[in-house]
Structure formats: C-alpha cells, structure tokens
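# Working through the structure, step by step
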Amino acid sequence: MGRPRTNDEAVRERLVECATEMLATRPRESVSVRAVAAAAGASTTAVYSLFGGKDGLIGAVRARAVTGLFQDLSAVRASADPLVDLYALAVAYRRWGCGHRHLYTVLFGGVQAFDPSGEVGAGDPVRPLLAAIDRALTASVLAGDATAIALSVWGALHGLVTLELAGALDAATADAAFHSSVHATLRGWATPEVFRDLRRADIARQETRADGA
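Below you will find a few notes about this structure. (Residues numbered from 1 in each chain as written. Predicted model: local features only at pLDDT ≥ 70, side-chain atom pairs only at ≥ 80, totals over all residues. Heavy atoms only, no water.)

Looking now at the overall build of the protein chain. Secondary structure summary: the protein chain contains 10 helices and 0 strands in total. Traced from its N-terminal end to its C-terminal end, the protein chain shows the element sequence α-α-α-α-α-α-α-α-α-α. The 213 residues of the protein chain split such that 36% are buried. Split by element, the accessible area of the protein chain, about 11400 Å² in all, is 54% carbon and sulfur. (Helix = DSSP H or I, 4+ residues; strand = E, 2+ residues; numbered from the N terminus. Buried < 20%, exposed > 50% of the residue type's maximum accessible area, 1.4 Å probe, protein only. Areas by Shrake-Rupley, 256 points an atom, 1.4 Å probe, with all protein chains shown as cover.)

Helix-helix packing is characterised by the crossing angle of the two axes and by the distance between the axes. Where helix α5 (residues 82–99) meets helix α8 (residues 146–165), the axes come as close as 10 Å, and the angle between the chain directions of the two elements is 35°. In this structure, the crossing between α5 and α8 has a hand that is right-handed. Touching Ala90, Tyr93, Arg94, Gly97 and Cys98 of α5 are Trp154, Leu157, His158, Val161, Glu164 and Leu165, all from α8. Broken down by class, the residue content of the contact of α5 with α8 amounts to 7 nonpolar, 2 polar and 2 charged. (Axes fitted to C-alpha atoms, helices over the stretch in contact; angles between N-to-C directions. Left-handed = near helix turned anticlockwise from the far one by under 90°. Contact = heavy atoms within 4.5 Å. Nonpolar A, V, L, I, M, F, W, Y, C, P; charged D, E, K, R; others polar.)

It is worth spelling out the nonpolar core at this point. Formed by 57 residues in total, the largest nonpolar core has its most connected members in Leu15, Val36, Leu57, Leu69, Leu86, Tyr93 and Leu157. Excluding residues that lie within four positions of it along the chain, Leu86 makes contacts with Leu129, Ala132, Ile133, Ala136, Leu142 and Leu186. (Core = buried A, V, L, I, M, F, W, Y, C linked by side-chain atoms within 4.5 Å.)

Time to look at unusual backbone geometry. At Ser140, a position not held by glycine, the phi torsion is positive, near 60°. As for its position among the elements, Ser140 is in the loop between α7 (127–138) and α8. Accessibility expressed as a relative area gives 48% for Ser140, which makes it partly exposed.

A complete count under the given rule lists 6 aromatic pairs for this structure. Geometrically, the ring pair formed by Tyr87 and Phe178 is tilted, given 5.9 Å between the ring centres and 55° between the ring planes. Placement of Tyr87 in helix α5 and of Phe178 in helix α9 (residues 171–189) is noted, with a sequence separation of 91 residues between them. We classify Tyr87 as partly exposed; its relative accessible area is 22%. Taking relative accessible area as the criterion, Phe178 reaches 4% and is therefore assigned buried. Taking the centre distance of 5.8 Å and the plane angle of 90° together, the rings of Tyr93 and Tyr104 count as edge-to-face. Here the residue Tyr93 occupies a position in helix α5, and Tyr104 occupies one in helix α6 (residues 101–107), the gap between them amounting to 11 residues. Here the two residues Tyr93 and Tyr104 agree in accessibility, since each one is buried. Three or more aromatic residues link up through ring pairs in this structure, and these residues are Tyr93, Trp96, Tyr104, Phe108 and Trp154. (Phe/Tyr/Trp six-rings, centres within 6.5 Å; stacked < 30°, edge-to-face > 60°.)

Right, let's get into the environment of Ala60. Within the secondary structure layout, Ala60 lies in helix α4 (residues 54–74). For Ala60 and Ala19, which are 41 residues apart along the polypeptide, the C-alpha to C-alpha distance reads 9.4 Å.

Here's what the structure looks like:
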C-alpha cells in the first residue's frame, strides 16, 4: 500500500485561504512561508511541494482573485442596451467585491498590479466591463476614449466598494451612493442625445421618490 497523500487538495485550499487573509491584512513582506504554513496547520514543505514557494503561493491567490471577478462579470449577459449592461456589470463588481473581501483587497491592494490601460487579454479581471464600454462606443451611446472611460468607471466602483468594505457607509447609504454615482459616471460619458434622455429619466425617478415620501 502506498503512503497516504498529506499535501492534498484540502491542504492546498487551507494554504490559499490563509495566504489570502494574511496578504489582505498584513504587509506583504511579513507574509512568510512559515507563517502561512503554521496558520494553515501544514508544513513549510507543503508550500514548496504544492506551489514551489512563496511566489507560487501568492500567484495562486492572485489567480483565484482574477478568476473569481472575471467569472462573475462574465456571467452578466449582454443585452441590446450597453448602458444597462454597464450598470449590471457594476452591480456584479460590487457584489463580488463585498462578498470576497480579502480577495478584493489582495487583487487591488498591491499583489495584482491591474492597469485598465494595458492590453486587454484573458488575464484581465474586468475584461467584460471593457468589452461593454467598446459596445457602447460603437453604438454611439458613450463618447470618448475607451481607456479614459474605463479608468473613470473603475475608479468610481473601486472607491465605492473600498468605502463599503471599510465600514465607512451603512447599507442604505452605500446603496444610494452606488446607484447615484454609477449613473452619474455613465451620464458624464454619454453622447449629448443620450445624456438628455438619461437626465430626464433621472429627474423623473427623483420626482417619483419625492411624491412617495
């Protein structure tokens, strides 16, 4: 009978989870192989056997974060209205960020150097968002430089999610801020005709809420 495997998938999962939490809550240089192994109840040998070392473990954490966000955004189906799609993608981005606090922090807190101005490829976690922006530009719904729009939308989303994760906003305020900020950001890049339609719809919503108050 062969020797039982000790560095199995369960050990790998514990190591990734512990490394994720440490990378999200501690300076990267303080996250050692020994510290992660101890937190996971594993040996340092397991880290080298499963990941090849600290860099490989950090790479596994980054890959999980990139894959998770990409999959959630990719699950948003494209419609005939690029603006509806962009808002739905923003909702999915917020949901993933708030539901995966440590992965989000790791992804956009230093381990992953994401640059929306870089070449769009399979490794870009927000590629679906960039694709929706391209569709909106092609349909003359938005006007401007695709990179500038991407940075603007991503900056708004990142700021909102970061504030929410930090507990700076209560649930009601976070919801209201998210809705108004995303719509305002998209309006700011809209073509004149679309802007007027969006602004009229926004005013109508405000009046409806005021009447119901």
